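Each chain, written out:
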Amino acid sequence: MTSNISSVLKIIAGNLRWIFISAIVIGAPILAIAQDSSHNHDHEVPAKLVQVVRENTAQFLNVNNLRGTGYAPAFGCVSGPDHGAMGIHYINMGLVGDGALDERAPEALIYEPVGKARRLVGVEYIVDATIWLAAHDNAPPQLEGQDFQFVDAPNRFGIPSFFELHVWAWRDNPQGAFVDWNNNVSCEGQ
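Below you will find a few notes about this structure.

What counts, and where the lines are drawn
- Residues numbered from 1 in each chain as written.
- Predicted model: local features only at pLDDT ≥ 70, side-chain atom pairs only at ≥ 80, totals over all residues.
- Heavy atoms only, no water.
- Pairing = 2+ DSSP bridges.
- Helix = DSSP H or I, 4+ residues; strand = E, 2+ residues; numbered from the N terminus.
- Axes fitted to C-alpha atoms, helices over the stretch in contact; angles between N-to-C directions.
- Contact = heavy atoms within 4.5 Å.
- Salt bridge = Lys/Arg side-chain N within 4 Å of Asp/Glu carboxyl O.
- Buried < 20%, exposed > 50% of the residue type's maximum accessible area, 1.4 Å probe, protein only.

## Re the sheet that holds strand β7 (residues 149–151)
Hydrogen bonds between backbone atoms are what pair the strands of a sheet, whose relative direction is either parallel or antiparallel. Pairing within the open sheet is antiparallel, and its six strands lie in the order β1-β2-β3-β4-β8-β7. One side of each edge strand has no neighbouring strand; the edge strands of this open sheet are β1 (71–79) and β7. With direction set aside, neighbouring strand axes in the sheet form an average angle of 35 degrees. Judged from the six bridges that link them, strand β4 (residues 117–128) and strand β8 (residues 162–167) form a sheet pairing that is antiparallel. In the strand pairing of β8, I126 is matched with E164. Most of the contacts of helix α2 (residues 48–57) go to β4, to which it runs at about 115 degrees, and overall it touches β3 (108–114), β4 and β8.

In structure tokens:
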């Protein structure tokens, strides 16, 4: 009788071992996917260009720090034609006219009006199309793999054709970090 009990216990132990191993083999990938999925959505790492913009414009979170930097407001608060806005562009005309692009020095800083205050929401890189194309074998500009948009003349700004790239580094944009209009920015707070 002792040997029968011993045999039954061995069979039960063997079955439990296989159940345990099966649970690990089946359950581990499910847990890994769940953890990876929640990690990516809750703590998504921003694109490199967004990180570079944040590192190089943090000092301008306070609009008063623009004094003496060459940035000045232009065009008022720019609202989208059917949705969203850009905000108020503080443009450094020296950077716009130099025909060069430097990811550390955007040509424009974009602020959302909040009463009399201004909240930094993003930047815009701007370069004259004629100057750029002549110096770069007619290849349009890119920064960190992001293609620039071409804006032909005549345009609503009354300036020559140019290339531009928005980077919403300080305000999330549901359409993406590099889309022109941001539905989370408004000109209504002025």
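## Examining the pattern of salt bridges
Scanning the entire structure with this criterion turns up four salt bridges. Its salt-bridge partner being D102, residue R104 comes within 3.1 Å of it at the nearest N-O pair. A residue is classified by how much of its surface remains accessible, and R104, at 52% relative accessible area, is exposed. A salt bridge links R119 to E112, with the nearest nitrogen and oxygen atoms 3.6 Å apart. On the basis of relative accessibility, which here comes to 7%, the residue E112 falls in the buried class. If you follow the salt bridges from partner to partner, you end up with E112, R119 and R171 in one network.

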